[in-house]
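Each chain is listed here by its residues.
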Amino acid sequence: RGREEIRRRLDLIILVHMWALAPLALVWFLVPAWRDPAQPGRLALVILAASAVAYLLLRTWLNLTRRALGFNDFWPYVDVIIVTTALVIVHNPNDALSVLYFIPLTSAAATLSTTHVIALGISTVVAYFLAIVLSSAAWTISTVYRLAIIATMASLYSWVLRLVTGHDGEREADAGLS
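Calculation notes
Residues numbered from 1 in each chain as written. Predicted model: local features only at pLDDT ≥ 70, side-chain atom pairs only at ≥ 80, totals over all residues. Heavy atoms only, no water. Helix = DSSP H or I, 4+ residues; strand = E, 2+ residues; numbered from the N terminus. Buried < 20%, exposed > 50% of the residue type's maximum accessible area, 1.4 Å probe, protein only. Contact = heavy atoms within 4.5 Å. Core = buried A, V, L, I, M, F, W, Y, C linked by side-chain atoms within 4.5 Å. Polar contact = N/O pair within 3.5 Å; in protein donor to acceptor, adjacent residues only side chain to side chain.

Undergrad: For this particular structure, what's the right way to read the overall build of the protein chain?
TA: In terms of regular secondary structure, the protein chain is built from 8 helices and 0 strands. Beginning at the N terminus, the succession of helices and strands in the protein chain can be written as α-α-α-α-α-α-α-α. Within the protein chain, the fraction of its 178 residues that count as buried is 39%. Pairs at least 24 residues apart make up 71% of the contacts formed inside the protein chain by residues separated by at least 6 positions.

Given below as structure tokens:
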């Protein structure tokens, strides 16, 4: 029971930070001229913004009502999908939004088993690679650097948080992974 409460508190901390970014993200989605004067508005971004708000509302409600535990391993993957979709829609994998990949990577490193963290790290790198390819963006040193940074930070977050918290082995033993 204590472990569930810690997990719930971690999820709520993550959600508070996501909600803190939500107004800025909505402006990013809904006011394209602030993002890039040459970028036209896209209905797909409005739909994605509405979906992201609905997702955050649902995720928050499930956490506040203590019904989210069955979904906790799933949330970081949804976060990666949302960021990747936005990057593909704007056809710019180098957009500032790409730094939001660090939210699911950090939350996963703090709350998921090593297996899930590795899977999410790989999924994030593959998703960003797909965003690059689907955006038909030129491979610049900036793009390669971001890809390398995402991969490196996924590993770093995982190892540092597990070492500092010291409960990686406990979590994996509970999940039957050790």
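Undergrad: Just to check I follow, could you spell out the nonpolar core for this structure?
TA: Soluble, globular proteins show a tendency: their nonpolar side chains are buried together. Core analysis: the largest hydrophobic core is formed by 36 residues, its most contacted members being Trp28, Phe29, Leu87, Tyr101 and Tyr128. Secondary-structure elements contributing two or more residues to this core are helix H1 (2-30), helix H3 (43-64), helix H4 (75-89), helix H5 (102-111), helix H6 (114-134) and helix H7 (141-165). Broken down by element, this core gets its largest block of residues, 8 residues, from H4. Each residue touching Tyr101, except ones within four places of it in the same chain, is listed here: Val80, Val83, Thr84, Leu87, Thr124, Ala127, Tyr128 and Ile150.

Undergrad: Is there a simple way to explain the side chain of Thr143 in this structure?
TA: You can see Thr143 is positioned in helix H7. The exposure class of Thr143 is buried, given its relative accessible area of 0%. Among the polar contacts listed, one links the side chain of Thr143 to the side chain of Asn94, at a separation of 3.0 Å.

Undergrad: In this structure, what is going on with H5? I would like to understand it.
TA: By the criterion of burial, H5 is predominantly enclosed, with 8 of the 10 residues buried. Buried residues of H5: Phe102, Pro104, Leu105, Ser107, Ala108, Ala109, Ala110 and Thr111, and no others.

Undergrad: Even after reading the chapter, I still don't get the environment of Ile82, so can you show me in this structure?
TA: Looking at where Ile82 falls in the secondary structure, it is placed in helix H4. Setting aside residues no more than four positions away along its own chain, Ile82 makes contact with Leu48, Ala52 and Tyr55.

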